Amino acid sequence: MERERNEGPMRPAAPRRSLLAALTPLLGGPFAPAGARAQVAGAQTASPAAAAEWRFGALYPLSGAPALLGDESFRGLEMAVEERNAAGGLLGRPIRLIRADAADQAAAVAETRRLIGAERASILFGSYASPLSFAVTQLSEAQGIPFFELGAVADSITERGFRQLYRTCPRASDFARVAAEAVAEVLPGLLGTARNALRVGILHEDGLYGSSVSELQTSRLRELGIEVVERIGYPLRVTDLAPALQRLREASTDILLHTALQNDVILLFRNLREAGWRPRMIIGSGAGYSLTDTARTLGTAMDGVMNVDFTQFAISERAAPGNGAFAEAYKRRYGADPRSGHSLANYFGARVAFDGIQRAGGTEKDRLRAAMLATDIAEGTTPTGWGAAFDERGQNTRARPWLAQWQDGRLVTIHPEAAAVAPPRARLGAD
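The shown structure was predicted, so the numbers you read here are calculated from the model rather than taken from an experiment. (Residues numbered from 1 in each chain as written. Predicted model: local features only at pLDDT ≥ 70, side-chain atom pairs only at ≥ 80, totals over all residues. Heavy atoms only, no water.)

Peer 1: Explain the overall build of the protein chain to me, please; I cannot follow it from the model alone.
Peer 2: The helix and strand tally for the protein chain stands at 15 helices and 12 strands. Within the span of the protein chain, comprising 431 residues, buried residues form 60% of the whole. Relative to all contacts within the protein chain whose residues are 6 or more apart in sequence, the contacts with residues 24 or more apart total 70%. Surface summary for the protein chain: the accessible area is close to 16,400 Å², and the carbon and sulfur share equals 51%. (Helix = DSSP H or I, 4+ residues; strand = E, 2+ residues; numbered from the N terminus. Buried < 20%, exposed > 50% of the residue type's maximum accessible area, 1.4 Å probe, protein only. Contact = heavy atoms within 4.5 Å. Areas by Shrake-Rupley, 256 points an atom, 1.4 Å probe, with all protein chains shown as cover.)

Peer 1: Explain helix α6 (residues 105-116) here, please?
Peer 2: Since there are 3.6 residues in each turn of an α-helix, residues three or four apart along the chain are aligned in direction. For α6, spanning 12 residues, the distance from its first C-alpha to its last is 16 Å, which sits close to the expected 16 Å at 1.5 Å a residue. For α6, the full list of buried residues reads A108, E111, T112, R114, L115 and I116. Where α6 begins, the capping side chain belongs to D104, and its oxygen is found 3.3 Å from the backbone nitrogen of A106. (Expected span 1.5 Å × (residues − 1). Polar contact = N/O pair within 3.5 Å; in protein donor to acceptor, adjacent residues only side chain to side chain.)

Peer 1: What is the right way to read helix α10 (residues 242-250) from this model?
Peer 2: Residues of α10 that are buried include every one of A244, L245 and L248, and no others. Burial along α10 is one-sided: seen end-on, the buried residues are contained in an arc of 100°. More than 90 degrees from the buried face of α10, the exposed residues found are P243 and E250. (Arc of directions from axis to C-beta.)

Peer 1: Help me out: how do you make sense of the confidence of the model for the protein chain in this one?
Peer 2: Predicted coordinates in regions of low pLDDT should not be interpreted in detail. Looking at the protein chain as a whole, the pLDDT averages 90, with 88% of positions reaching at least 70. Segment residues 1-22: pLDDT under 50, and 45 contacts once partners within four positions in sequence are set aside and those in other chains are kept. (pLDDT = per-residue confidence, 0-100.)

Peer 1: Sorry if this is basic, but what is going on with the nonpolar core here?
Peer 2: A general feature of soluble globular proteins is that nonpolar side chains tend to end up buried together. Among the nonpolar cores identified, the biggest contains 126 residues, and F56, V183, I255, F269 and I283 are the most heavily contacted of them. Of all the elements, helix α8 (residues 172-191) adds the most residues to this core, at 11 residues. Apart from residues no more than four positions distant in its own chain, I283 is found in contact with A182, V183, L187, I255, L256, L257, H258, M306, V308 and L403. (Core = buried A, V, L, I, M, F, W, Y, C linked by side-chain atoms within 4.5 Å.)

Peer 1: Is there a simple way to think about the layout of surface pockets in this case?
Peer 2: If a probe as big as a water molecule is rolled over the atoms, it shows which places are left empty. Taken as a whole, the largest pocket encloses approximately 890 Å³ of empty space. If you go around the largest pocket, you meet 38 residues; those closest to its centre are P66, Y128, A129, L236 and L261. Where the lining of the largest pocket is concerned, the elements lending two or more residues are α5 (67-86), α7 (130-142) and α11 (262-275). Here the lining of the largest pocket is composed, by residue class, of 21 nonpolar, 11 polar and 6 charged. (1 Å grid on protein atoms, 1.4 Å probe; cavity = no way out; pocket = protein on both sides within 12 Å on 5 of 7 lines; lining within 4 Å. Points joined across faces, edges and corners; volume = space filled by probe spheres on them. Nonpolar A, V, L, I, M, F, W, Y, C, P; charged D, E, K, R; others polar.)

Peer 1: It is not clear to me how the pattern of salt bridges should be interpreted in this structure. Could you clarify?
Peer 2: Opposite charge on two side chains permits pairing when their charged atoms draw close. Under the counting rule described, the total for this entry stands at 25 salt bridges. The closest approach of N and O atoms between R339 and E72, which form a salt bridge, is 2.6 Å. Taken together, the residues R339 in the loop between α13 (323-334) and α14 (342-360) and E72 in helix α5 connect sequence positions 267 residues apart. Classification of R339 by relative accessible area gives buried; the value is 15%. Note on E72: relative accessible area 0%, which makes it buried. (Salt bridge = Lys/Arg side-chain N within 4 Å of Asp/Glu carboxyl O.)

Next comes the structure, spelled out in C-alpha cells:
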C-alpha cells in the first residue's frame, strides 16, 4: 500500500482528452514533439519490459509546513506528464511519475535512494526547496542520474560543477536583481523620494533560500548607492518578529524587503499590526507572498504589497503566451485556480526537460547533456515568458522573476512594462 501511495497522485485523474484540449494552444509552441529529430539521435536501448514506460521520480515536500507549495509544484509537473502522455508519450512510450515525499533533507535523501534503486527511476524532478535540492542533487550526481530542478533558487545549487543537473527556473541572484531594480527604478517616482534618500531594511529567514537572496539584495543595493539600514535574519519556525520590527522601525526603514516562507508572512503582518507601524512599502521575495491562501488570510492588509517571484497569472499575454490557457487547464484539472505560479514554473521546466529527452533519443546522460546544452528557446514564447538556454553549470540563463503587486485581491504584474497589466500603486494597506 505504501508503494501505491508514492507512485501516483492521491486524487482522481481528469479525463485526458479534456486536459489535452485545454492545452492545445500550448502544444504548437517551442515544445512540440520532435519525433524525427529524436529518431536521428537514436533511442536508448532497454529490455522489452522496461521499454513499456519511462520511470521518472518526483521529489517534493508533500507533508509538513512546506507541503502546500510542494504539492502546487508537483501539480505543474503532473500536468506536463499528463499532457505528454495524452499526445502519445515520450519517444512513443508513456511516462510513469513516481512520487516521493521529501518532507525534510533526511527524508529527501532516503527517497532519492529509493527512486534510484528500487524504483529504477532514470530521471529525477523536484524539488521546490533549496536545502532539499542541495542535498538530493549531491546524491543524484554521484549516481549519474540526471536531475531537473524546477523550483529551488539558491545560486549555490548550480555552482558545484555538476554535469547531470539542470535548473530551469531563475536563481536567488535573479530575485535579488529584480528587487533592487524595483527599489531603484520603480519606487523613487512612485513614492516621490530620491533614490539615494531611500532607507531599506532587509528581513529574511536564515536558511539557504533566505540567506542567499538577502545577501545578494544587500550587495546589489549598495552597488546602486541605496542605503541598507538593517539586515536581520531569523530562524525557521520563528514565533515572534516583534524585536526585528522594533530594530527596523528605529532605523527609520522606508522599504522592507522580506524573504520568507508563508507562515512568516502572516506572522510579520500580525506583528506589524500589534506594533502600530508599517514601512512605506514591502517587497516580498518568493511564494510566501504570492500564495492566494496568504492573501485570503491577511485580507486588505495585503493590498499594495509587492512581490518578486516566478510568473503569476495576471501578466501580459504578449510577454507570456499561453499563460491564460494554462490557468484554465489547471482549473479544469484540479477544480480551482492555481494557488501560486509554482505550478506553472514546474510545468514549464518539465516541458523543457521532455523536449531535451526527445532530442537526445532517451535518458542516456551524455546524450542528454548535449541536448540540454543545445536547447534554444526564445524568451517571450512560453506561458512563463521565459526562454531556455543552459550554461555549462546547467543553469537556464533565460529565466527571470517578475515584479508583481497585490491590487484589490489580485496579484498583478507591474514591471517590466512589457509584461505589466497594471501600473504600480503607492499605497500600502487599505487604510
